[in-house]
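# Reading the structure
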Amino acid sequence: YFVDTYVRDLGFGRYAAISNPEEEGLKCEKAKLSSTAMALVAFSDLRKEGLIADEIFEGMGQFLLFMQLKSGQFFNYYDVEHDGVGDENTNLNFTGDAPLGLLHLYKFNPKRKWLEGAKKGLLFLAEKRKDRKEVQFDYINNYQKYYDLLSSIIKENNMRVDFHPD
């Protein structure tokens, strides 16, 4: 139901979860970063059943990467009607759902770009939060999920990880 109702092909190989303006009291349709990322997480287990085409999974990953800035930060929304993002759509306090979505995608579609996008996002988030005495709670604030998923990817692929904050 969710994919048929809310996920749309935006062109250029990108798929995203789209808001319904009537349901959410918005002026126009917006493609949402968090909803798309959480769809990747939630539906990754269904991939084996073939209920969702691989093209949609890959397209959602493409959308997440499209929404990422060079710094690792993400735009929150993409204005479907006006074909664009802007500073007002930048999520200065993003919660890590996009990197988690990219890591889930990487588990069954091991393209380096998913891993690199996740890494950039997580490093941005870590840098942003490094001086906080308390980290705000968010629904993806359980860093153990990141660690476990990243550790399994590293082990499965016999990868070596070096951390260079510069």
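Just above, that's the structure.
Presented here is an overview of the structure given in this document. Computed from a predicted model, the values in this text were never measured in an experiment. (Residues numbered from 1 in each chain as written. Predicted model: local features only at pLDDT ≥ 70, side-chain atom pairs only at ≥ 80, totals over all residues. Heavy atoms only, no water.)

### A short note on the nonpolar core
- Phe63 and Leu64 are the most contacted members of the largest nonpolar core, which totals 31 residues.
- Sorting the residues of this core by element identifies strand 1 (7-11), strand 2 (14-18), helix 3 (33-43), helix 4 (54-66), strand 4 (74-75), helix 5 (97-108) and helix 6 (112-129) as the ones contributing at least two each. (Core = buried A, V, L, I, M, F, W, Y, C linked by side-chain atoms within 4.5 Å. Buried < 20%, exposed > 50% of the residue type's maximum accessible area, 1.4 Å probe, protein only. Helix = DSSP H or I, 4+ residues; strand = E, 2+ residues; numbered from the N terminus.)

### Observations regarding helix 5
- In this model helix 5 runs 18 Å from its N-terminal to its C-terminal C-alpha over 12 residues, within 8% of the 16 Å that 1.5 Å per residue would give.
- Counting buried positions along helix 5 gives 9 out of 12 residues, so the element sits mostly inside the fold.
- Considered for burial, the residues of helix 5 that qualify are Asp97, Ala98, Pro99, Leu100, Gly101, Leu102, Leu103, Leu105 and Tyr106. (Expected span 1.5 Å × (residues − 1).)

### Describing the packing of aromatic side chains
- Scanning the model with the defined rule gives 2 aromatic pairs in all.
- Between the aromatic rings of Phe57 and Phe108, the centroid separation amounts to 5.2 Å while the plane-to-plane angle is 80 degrees, which identifies the pairing as edge-to-face. With Phe57 in helix 4 and Phe108 in helix 5, this residue pair connects regions lying 51 residues apart in the sequence.
- Residue classification places Phe57 among the buried positions, given a relative accessible area of 1%. (Phe/Tyr/Trp six-rings, centres within 6.5 Å; stacked < 30°, edge-to-face > 60°.)

### A short note on the pairing of strand 2
- For strand 2, a buried count of 5 out of 5 residues is recorded, marking the element as mostly surrounded by other parts of the structure.
- Linking strand 1 back to strand 2 in an antiparallel pair, the connection comprises 2 residues, with Phe12 at a positive phi of about 55 degrees.
- Two elements, strand 2 and strand 3 (residues 30-32), share 2 bridges in a ladder whose sense is antiparallel. Its bridge partner lying in strand 3, Ile18 is registered against Ala31. (Pairing = 2+ DSSP bridges.)

### Structural notes on the pairing of strand 1
- Note that strand 1 and strand 2 share 4 bridges and pair antiparallel. If you follow Arg8 over to strand 2, its bridge partner there is Ala16.

### Quick word on unusual backbone geometry
- Even without glycine at this site, Phe12 takes up a positive phi of about 55 degrees.
- With respect to the helices and strands, Phe12 occurs in the loop between strand 1 and strand 2.
- The exposed category is assigned to Phe12, whose relative accessible area is 76%.

### Details of the pattern of salt bridges
- One pass over the structure, following the stated rule, counts 5 salt bridges.
- Measuring nitrogen to oxygen at the nearest pair gives 2.7 Å for the salt bridge that ties Arg8 to Glu29. One end of the pair, Arg8, is in strand 1; the other, Glu29, is in the loop between helix 2 (21-24) and strand 3, and 21 residues separate them in sequence.
- Taking relative accessible area as the criterion, Arg8 reaches 33% and is therefore assigned partly exposed.
- What makes Glu29 partly exposed here is its relative accessible area of 26%.
- The closest approach of N and O atoms between Arg112 and Glu116, which form a salt bridge, is 3.5 Å. Here Glu116 and Arg112 lie together in helix 6, a separation of 4 residues that amounts to about one turn. (Salt bridge = Lys/Arg side-chain N within 4 Å of Asp/Glu carboxyl O.)

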